[in-house]
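Summary of the model geometry
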Amino acid sequence: MIRLALLRHGRTPWNRAGRIQGRTDVALDAEAEADLAARALPAPWASAALWSSPLIRARRTAELVAGRAPQTDPALTEMDWGDWEGLKGIDLRADPTSGYRDIEDWGWEYRPPGGESPADLRARLQPWVDGLQQDSLAVCHIGIMRVLMAQATGWNFDGPAPFQIKRNRLYILTIDGEDWRAEPTPVRLEARQT
């Protein structure tokens, strides 16, 4: 049995503009850098194995809150949004010909044009999860977190999610073989002691 804590990366200019980032390697903005530099991981997560997506927004978030460089793994890279990367969800939603759906209507097989489905993402993540040998913290992306949280809660991307992913919080999963559970309350990052 291991525990896995998930932390979403800090904000980027694309987040603030409502643009879909996917695999586009956008850096944190100055406000996020300053906010994250003032935060730290709570015990026992400060000493857990530290992982992140190879994308700069996740790596930099990990460095700022942990004070050390993370191990990276391509499995933790954000979902591939294909033709929709760089576009705004609000514009896609307004265009009835786009094929865009809100996450509550995806199911596991929904995929953006030229992109990945949640099922594809789950298949990409499973070998990484299976290889974890100790309690670990992964700084990653909302798409990665949704898939892992869905696996732990039984949500099938069919209706409102039974969780809400916010920034600066650790979402903790307990994984024991096929038995995955999500702790009901996320853990907040702490103020950094100076």
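Everything that follows concerns the structure shown earlier in this document.
The paragraphs below set out a description of the structure included in this document.

How each quantity is defined
- Residues numbered from 1 in each chain as written.
- Predicted model: local features only at pLDDT ≥ 70, side-chain atom pairs only at ≥ 80, totals over all residues.
- Heavy atoms only, no water.
- Helix = DSSP H or I, 4+ residues; strand = E, 2+ residues; numbered from the N terminus.
- Rg over C-alpha atoms; globule rule 2.2 N^0.38 Å.
- Buried < 20%, exposed > 50% of the residue type's maximum accessible area, 1.4 Å probe, protein only.
- Contact = heavy atoms within 4.5 Å.
- Pairing = 2+ DSSP bridges.
- 1 Å grid on protein atoms, 1.4 Å probe; cavity = no way out; pocket = protein on both sides within 12 Å on 5 of 7 lines; lining within 4 Å.
- Points joined across faces, edges and corners; volume = space filled by probe spheres on them.
- Nonpolar A, V, L, I, M, F, W, Y, C, P; charged D, E, K, R; others polar.

Focus on the overall build of the chain
Broken down by element type, the chain carries six helices and nine strands. The C-alpha atoms of the chain give a radius of gyration of 16 Å, which matches the 16 Å a tight globule of 194 residues would have. A principal-axis box enclosing the C-alpha atoms of the chain has dimensions of 50 × 40 × 25 Å. The buried share of the chain, taken over its 194 residues, is 51%. Pairs at least 24 apart in sequence give 66% of the contacts found in the chain among residues at least 6 apart.

A word on the pairing of strand E1 (residues 2-8)
Most of E1 is tucked away: six of the seven residues are buried. With five bridges joining them, E1 and strand E6 (residues 169-176) adopt antiparallel strand pairing. Bridged to Ile2 within E6 is Ile175. In terms of strand pairing, E1 meets strand E5 (residues 136-140) through five bridges, oriented parallel.

Points about empty space enclosed by the protein
In this structure the tally under the stated criterion is one cavity of 30 Å³ or more. For the largest cavity, the calculated volume is near 40 Å³. Elements that contribute at least two residues to the lining of the largest cavity include exactly helix H5 (118-130) and helix H6 (142-153). For the lining of the largest cavity, the residue count by class is five nonpolar, two polar and one charged.

Let's talk about unusual backbone geometry
Pro44 follows Ala43 through a cis peptide bond whose omega is 0°. Along the chain, Pro44 turns up in the loop between strand E2 (39-40) and strand E3 (49-52). With a phi close to 55°, Phe157 is a non-glycine residue in the positive phi region. With a relative accessible area of 1%, Phe157 lands in the buried category. Of note in the backbone geometry, Asn168 takes a positive phi value of approximately 65° without being a glycine. You can see Asn168 is positioned in the loop between H6 and E6.

Nothing here speaks to function; it is geometry throughout.
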